[in-house]
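# Remarks on the overall topology
For reference, the chains in residue letters:
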Amino acid sequence: MSDELIPKVKQMIIDALRIEGMSADEIDSDAPLFGEGLGLDSIDALQLVVAMEKDFGVVVPDAATGTKVFASVRAMAGYIAENGK
Amino acid sequence: MSLYSSLNLFFIKQFTMLVPRWLHAPFALFWGTLFYLLTPRQRRGMRANLRIVTGRRQVERLLIASYYKYARNWCDVMLMIQLRGDRLQALIGQRSSGQPLEDALAKGSGAILISPHFGNWELGGLGLADLGYKLNVMTFPEPDEKVNQQREQVRAERGIGVIYVDRHDTSPLAVIEAVNALRRNEIICLIGDRDGSSNTVQLDFFGQPTDIPVGAAYLAMATGAPVLPVFVPLLPDGRYATLMDEPIFFQSSHGHHRQSIKAGMEQLVAVFERYIRQYPDQWYNFFDFWADTSRKKRIADE
């Protein structure tokens, strides 16, 4: 179930953060989103919180949950699968 | 000597319960002058700040006025937590248009109200909550746990949420609860002139390089909520003005966040300067604002 969401999550990241010149296929599902991985920053993290709620109706309630959810695209997809409406 | 302790607040509250407000002014002058005499370090710091803000060497009258108005401020804070409805709103003698706030809430984006340590910022929050707005205060916990408990109780009674921020938490997700509140179309209130966290940008503030916290910018860029500068100065008639300035919008574009933050924060700091210049004795920083900022920066760099 959560693997089916992975392409949608990748597209959400590209759309929400308006990343130009990158396709969903270029995003590694297991790479860290921040720092060395996709190289997202603090604002990006918060924008993903908003995008997940808008696109999937999933709320990330606190920082501790967010740290786990935004570990990778696969972790995001797993959280959405568990908590999505 | 700490000005902001649970013991001080207890005595001030007892005073406001026993003494009518029209008698607060002479008592505030007495206690303000006493604290002026008894707190040399705070006095020197505040004097240095006033010299930079006003560009004048002679600021002693303003300095004493600061102590006096701060004493009045705390009397009114402890008084107004006992007031509701018309009696609370009667403390406000002048209101600017709240249209920027109404516009933001109509759009469903929530709003970020930000003030420096200026005037009676607590009254602004209580006044809005009293009118039915859903507010959340973003704050660092105070060292005195009893002060935290008192503040939480007062706010909870009025439906005001408290979002504590760990000043040592460098995670971008530290403000996630505030993002969620804005998504619910609620209001976030915060104080934005002192460097209290690791997330700052260095800007020119009264001609001095100053580390200014950027939490409001992060929230605005993530959610699209406007940043609304607000000010609650004490007026000569003993009541307060609630003043809301024009909204500041932070444009977000991946890879260009730093520039957007700087541009928006420069606008915000310029608004802070404008109001602080108008009411220099109501910018309450009882320490050497720039010397301490520079010292902290040096320590952090080392």
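Quick notes on the rules
- Residues numbered from 1 in each chain as written.
- Chains lettered and ligands numbered in written order.
- Predicted model: local features only at pLDDT ≥ 70, side-chain atom pairs only at ≥ 80, totals over all residues.
- Axes fitted to C-alpha atoms, helices over the stretch in contact; angles between N-to-C directions.
- Helix = DSSP H or I, 4+ residues; strand = E, 2+ residues; numbered from the N terminus.
- Left-handed = near helix turned anticlockwise from the far one by under 90°.
- Contact = placed C-beta atoms within 7 Å.
- Nonpolar A, V, L, I, M, F, W, Y, C, P; charged D, E, K, R; others polar.
- Pairing = 2+ DSSP bridges.
- pLDDT = per-residue confidence, 0-100.

## Let's talk about the packing of helix α1 (residues 2–17) of chain A against helix α2 (residues 42–56) of chain A
Residue and element names in this part refer to chain A. Two numbers describe how α1 lies on α2: the axes approach to 10 Å, and their chain directions differ by 120°. Considering only the axes of α1 and α2, their crossing is right-handed. Note on element contacts: α2 touches α1 through Asp-44, Gln-47, Leu-48, Ala-51 and Asp-55, opposite Met-12, Ile-13, Ala-16 and Leu-17. In the contact of α1 with α2, the residues fall into six nonpolar, one polar and two charged.

## Quick notes on the interface of chain B and chain A
Listed by partner, the interface residues are 17 residues for chain B and 20 residues for chain A. With five residues, helix α9 (residues 176–183) of chain B is the largest single contributor of residues to the side of chain B that touches chain A.

## Concerning the sheet that holds strand β2 (residues 111–115) of chain B
Residue and element names in this part refer to chain B. Pairing in this open sheet of seven strands is mixed, and the strands run β1-β9-β8-β2-β5-β3-β4 from one edge to the other. Sheet topology places β1 (92–95) and β4 (161–164) at the edges, where each strand pairs with a single neighbour. Each adjacent strand pair in this sheet contributes to an overall mean axis angle of 25°, direction not counted. For strand β3 (residues 135–139) and β4, the ladder comprises four bridges, and the chain directions are parallel.

## Re the confidence of the model for chain B
Residue and element names in this part refer to chain B. On average, residues of chain B score 89 in pLDDT, and 93% of them reach the 70 mark or higher. Predicted confidence in chain B is weakest over helix α12 (residues 289–301), with a mean pLDDT of 62, and strongest over strand β8 (residues 227–231), with 98. Confidence drops under pLDDT 50 across residues 298–302; counting only partners more than four residues distant or on other chains, this segment forms zero contacts. Interface confidence for the predicted complex, expressed as ipTM, amounts to 0.85; the pTM equals 0.90.

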